[in-house]
Amino acid sequence: MFTDRFINVPIKLYDLEHKELTGAEVTKDTYTYINPFEIYAFRPSDENNGDCTHVSMKSGESLLVYVHINEFIKMLNEHTKIRI
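Let us look at the structure shown here. (Residues numbered from 1 in each chain as written. Predicted model: local features only at pLDDT ≥ 70, side-chain atom pairs only at ≥ 80, totals over all residues. Heavy atoms only, no water.)

## As for the overall build of the protein chain
Basically, it comes down to this: Per the convention used, a helix needs a DSSP run of H or I reaching at least four residues, while a strand needs a run of E reaching at least two, with both numbered from the N terminus. Think of it in three bands: residues with accessible area under 20% of the maximum for their type are buried, residues over 50% are exposed, and the middle band is partly exposed, with areas taken using a 1.4 Å probe on protein chains only.
In terms of helices and strands, the protein chain carries three helices and five strands. For the protein chain, the succession of helices and strands along the chain, N to C, is β-α-β-β-α-β-β-α. The principal-axis extents of the C-alpha atoms in the protein chain amount to approximately 50 × 30 × 20 Å. Taken over 84 residues, the protein chain has a buried fraction of 30%.

## Re the environment of Leu 63
In this structure, Leu 63 sits in strand 5 (residues 62–65). Look at Leu 63 and you get buried, because its relative accessible area is 11%. Taking the C-alpha atoms as reference points, Leu 63 and Ala 24, separated by 39 residues in sequence, lie 22 Å from one another.

## Digging into the sheet that holds strand 4 (residues 52–57)
This is how the line gets drawn: Strand pairing is assigned whenever DSSP identifies at least 2 bridges connecting the two strands. All axes are obtained by fitting lines to C-alpha atoms, using only the stretch in contact for helices, and the reported angles, taken between N-to-C directions, cover 0 to 180 degrees.
The strand order 3-4-5 describes an open sheet built from three strands, whose pairing is antiparallel. With one partner strand each, in any of the chains shown, strand 3 (39–45) and strand 5 form the two edges of the open sheet. Taking each pair of neighbouring strands and ignoring which way they run, the sheet shows an average axis angle of 20 degrees. Bridging between strand 4 and strand 5 involves four bridges; their strand directions are antiparallel.

## Details of the layout of surface pockets
Formally: Here the term cavity refers to a set of points on a 1 Å grid, laid over the protein atoms alone, in which a 1.4 Å probe fits but cannot get out; the term pocket refers to an open set having protein on both sides within 12 Å along at least five of seven lines, with lining residues being those that place an atom within 4 Å of a point. Grid points are joined across faces, edges and corners, and a volume is the space filled by probe spheres set on the points.
In this structure, the largest pocket encloses a volume near 260 Å³. Together, 16 residues line the largest pocket, and Ile 11, Thr 32, Glu 61, Ser 62 and Leu 63 are the ones closest to its centre. Taken together, the elements giving at least two residues each to the lining of the largest pocket come down to strand 1 (7–14), strand 2 (27–34) and strand 5. No other element matches strand 1, which puts four residues into the lining of the largest pocket.

## Topic: the packing of aromatic side chains
Short version of the rule: When two rings of Phe, Tyr or Trp (its six-membered ring) have centres within 6.5 Å they constitute a pair, described as stacked for plane angles under 30 degrees, edge-to-face for angles over 60, and tilted for the intermediate range. Placement of a charge over a ring requires the Lys NZ or Arg CZ to be within 6 Å of the ring centre, with the centre-to-atom vector within 35 degrees of the ring normal.
Here the structure, examined in full by the defined rule, presents three aromatic pairs. In this structure, Lys 12 is placed above the aromatic ring of Tyr 66, and the distance from its NZ or CZ to the ring centre is 5.2 Å.

## Examining the pattern of salt bridges
Applied cut-off: Any Lys or Arg side-chain nitrogen found within 4 Å of a carboxyl oxygen on Asp or Glu counts as a salt bridge.
Here the structure, examined in full by the defined rule, presents one salt bridge. When the shortest N-O distance is used, the salt bridge between Lys 12 and Asp 29 registers 2.6 Å. Of the two residues, Lys 12 is situated in strand 1 and Asp 29 in strand 2; the sequence distance between them amounts to 17 residues. Residue Lys 12 is classed as partly exposed on the basis of its relative accessible area, which comes to 27%.

Quick look at the structure:
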């Protein structure tokens, strides 16, 4: 199946327009699907007390995944083990 190649990761969306108008930061917890074979690099992030992973995609897009890097590595390994 086509969608089997993607993994679901938790992220936050920031409402920049609201912040510009009011100065208050508004976030929404959500998720995105990424193709793990399109990841260029990933590293631990200081966000959320170190419980996040900064992911850089081959396309140049960067995102902050709201799981600890060890959990992210586990997700990648489990996903690719089944798909290869």
